[in-house]
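# Structural overview for review
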Amino acid sequence: MSAKRVFRCASCSHVFDQEEGHLSLRCPECRGRTLILVEGASLKGAKGCGGNCGGCSCGCH
């Protein structure tokens, strides 16, 4: 079971949740990329694909 993170968009204040490992970090309302993590595990230190690649060259393994 994947953990969920809750984000708030800094541009339009829309609050939404997203499955962990999801690659598109954009607001679904305004497509803004400046997001504030409200709840869930931090993204700090996440590399490349987030470890969900199965052995690509991104260096996450």
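Structure: see above.
Every chain begins its residue count from 1, and numbering advances along the sequence as written. Given that this is a predicted model, residues contribute local features only at a pLDDT of at least 70 and side-chain atom pairs are listed and counted only at 80 or more, while totals for whole chains, interfaces and linings are drawn from all residues. Only hydrogens and water are removed before side-chain values are computed, so all heavy atoms of the structure are retained for them.

Our focus in this paragraph is the pairing of strand 2 (residues 15-19). Each residue is assigned to one of three classes by its accessible area relative to the maximum for its type, calculated with a 1.4 Å probe on protein chains only: buried under 20%, partly exposed between the two thresholds, exposed over 50%. Helix and strand definitions here come from DSSP, where helices need a minimum of 4 consecutive H or I residues and strands a minimum of 2 consecutive E residues; each element is numbered from the N-terminal end. Judged by which residues are buried, strand 2 turns out to be one-sided: F16 and Q18 face inward and are buried, whereas V15, D17 and E19, on the alternate face, are not. Pairing between strands is defined by DSSP: at least two bridges between the two strands are required. As defined by bridge partners, strand 1 (residues 4-9) adjoins strand 2 across five bridges and the pair is classed as antiparallel. In the sheet register, F7 faces strand 2, and the bridge partner there is F16. Linking strand 1 back to strand 2 in an antiparallel pair, the connection comprises five residues, with S13 at a positive phi of about 70 degrees.

A separate point is the nonpolar core. By size, the foremost hydrophobic cluster in this structure holds five residues: F7, C9, F16, C27 and L35. Throughout, a contact is declared for two residues whenever any of their heavy atoms are within 4.5 Å. Each residue touching C27, except ones within four places of it in the same chain, is listed here: C9, C12, H14, F16, G32 and L35. Think of a nonpolar core as a cluster: buried Ala, Val, Leu, Ile, Met, Phe, Trp, Tyr and Cys residues, connected wherever their side-chain atoms sit within 4.5 Å.

Let us look at the pattern of salt bridges. Each salt bridge in this description consists of a side-chain nitrogen of Lys or Arg and a carboxyl oxygen of Asp or Glu lying within 4 Å of one another. Going through the model one piece at a time under the given rule, you end up with two salt bridges. Residues K4 and D17 are paired through a salt bridge, measuring 3.2 Å at the closest nitrogen-oxygen approach. With a gap of 13 residues between them, K4 in strand 1 and D17 in strand 2 connect regions that are remote in the sequence. With relative accessibility at 41%, the residue D17 sits in the partly exposed group.

What is shown is where atoms sit, not what they do.
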